[in-house]
Amino acid sequence: MGQIASVYDIMPEGSGIDLRVIIKSIPTAIPAGVELKEVNIQPVAFGIDKIVAFFIVDDSYDSIGSKLEKGLRSIDGVGEIECTDSTVL
C-alpha cells in the first residue's frame, strides 16, 4: 500500500457560493481510501476565494484519483477543481 499526498484547488461556481458549505461537504463526498488532512480558504483575485484541500490518498484502490475528483465535482457549488501538487509519501 502506497500513499500519495495531493493538493487540490477547488473553485466555486460563482462569487455567491458559501465556501464553508462546500468544505463541510468534502468529507462525505470523497471515496474510501482518501483522507482529508487540511483545508484552507485562499484569495484568488477581485474578491473571489478558492478552497485549497490537502489529501492523503491510498493508491492501492483502483482509479482512486478519478474517484476523488468525481466526488469533489459532485459537491453543490463546486465549479472547477485542479490537482496542483502530488507526491508519493
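Before any of the text, the structure's been laid out above.
Residues numbered from 1 in each chain as written. Predicted model: local features only at pLDDT ≥ 70, side-chain atom pairs only at ≥ 80, totals over all residues. Heavy atoms only, no water.

Turning next to the side chain of Asp9. The residue Asp9 is located in strand E1 (residues 3-12) in this model. Look past the residues within four positions of Asp9 in its chain and what remains in contact with it is Lys50, Ile51, Val52, Glu80, Ile81, Glu82 and Thr84. (Helix = DSSP H or I, 4+ residues; strand = E, 2+ residues; numbered from the N terminus. Contact = heavy atoms within 4.5 Å.)

Turning our eyes to something else, we now look at the nonpolar core. Counting residues in each nonpolar core, the largest one holds 18 residues, and the members touching the most others are Ile10, Ile26, Phe55, Leu68 and Leu72. Sorting the residues of this core by element identifies E1, helix H1 (19-29), strand E3 (48-58), helix H2 (64-73) and strand E4 (78-88) as the ones contributing at least two each. Beyond its immediate chain neighbours, meaning those up to four positions away, Leu72 contacts Tyr8, Ile10, Ile26, Ile30, Phe55, Val78 and Ile81. (Core = buried A, V, L, I, M, F, W, Y, C linked by side-chain atoms within 4.5 Å. Buried < 20%, exposed > 50% of the residue type's maximum accessible area, 1.4 Å probe, protein only.)

For the rest of this paragraph, the subject is the packing of aromatic side chains. Within the structure shown, the criterion is met by one aromatic pair. For the pair Tyr8 and Phe55, a centre-to-centre distance of 5.9 Å together with 75° between the ring planes defines the contact as edge-to-face. Here Tyr8, found in strand E1, pairs with Phe55, found in strand E3; they are 47 residues apart in sequence, far enough to count as distant. The two residues Tyr8 and Phe55 agree in class, both being buried. (Phe/Tyr/Trp six-rings, centres within 6.5 Å; stacked < 30°, edge-to-face > 60°.)

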